[in-house]
Amino acid sequence: MADEVRILPTEWVGTAVEVSWGLVFGEDHPKFETHGHLDPTVHTQTTESTMRIVLQEGRVLELLIGTSIGGIGAIGLLSADGTQLEIAGPMGHASYVIDGDSMVGKSHYRLHGKEQASEEYGVAMLELTAKS
């Protein structure tokens, strides 16, 4: 008999500490619009972060990853033992370790397909907790 796959809580909240080259998110650049080619330097910020599981079919997930300024759709794959989650979306990918109702992860992102893609990239460390 196959092991049962853990069904993850639907809503997760926490923080992301980010460092980027040229990527500036926030009030100055709403809707994830960036202008790295105009401001080529290192930027850091700490933001509220959310993850909503839109659909889970076994180990396969459809997700909405967000901050206070918007969200981005993504796909995910849960490890067989339910302790790791790999996510990919249009801007990059993330890896999480799941321990009960908390996740710790890291992400790497780049704005592929844009003229200035080589000028805008970043990394983040994330901590999320299942929303009760």
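This text follows the structure it describes.
Owing to the predicted nature of the structure, the values given are computational and were not obtained by experimental measurement.

**Looking at the environment of Ile 7**
Mapped onto the elements of the fold, Ile 7 is located in the segment before β1 (11–21). Distance in space between the C-alpha atoms of Ile 7 and Leu 78 is 9.8 Å, their sequence separation being 71 residues.

**Things to note about the pairing of β1**
Looking at chain direction, β1 and strand β2 (residues 42–57) are connected through 11 bridges and run antiparallel. Bridged to Glu 18 within β2 is Gln 45. Pairing of β1 with strand β8 (residues 121–130) involves 10 bridges; the strand directions are antiparallel. When the sheet's bridge partners are listed, Trp 21 is paired in β8 with Tyr 121.

**Details of the environment of Ser 79**
Summarising the element assignment, Ser 79 is placed in the loop between β4 (70–78) and β5 (84–89). For the pair Ser 79 and Val 60, spaced 19 residues apart in sequence, the C-alpha separation works out to 9.5 Å. Each residue touching Ser 79, except ones within four places of it in the same chain, is listed here: Arg 59 and Gln 84. Reaching out from Ser 79, the side chain makes a polar contact with the side chain of Asp 81 at a distance of 2.7 Å.

**A word on the pairing of β5**
Here β5 runs beside strand β6 (residues 92–99); their pairing, made up of 6 bridges, is antiparallel. Across the sheet, residue Gly 89 finds its bridge partner in β6, namely Gly 92. Linkage of β5 to β6, two consecutive antiparallel strands, is achieved through a turn of 2 residues.

Criteria and cut-off values
Residues numbered from 1 in each chain as written. Predicted model: local features only at pLDDT ≥ 70, side-chain atom pairs only at ≥ 80, totals over all residues. Heavy atoms only, no water. Helix = DSSP H or I, 4+ residues; strand = E, 2+ residues; numbered from the N terminus. Pairing = 2+ DSSP bridges. Contact = heavy atoms within 4.5 Å. Polar contact = N/O pair within 3.5 Å; in protein donor to acceptor, adjacent residues only side chain to side chain.

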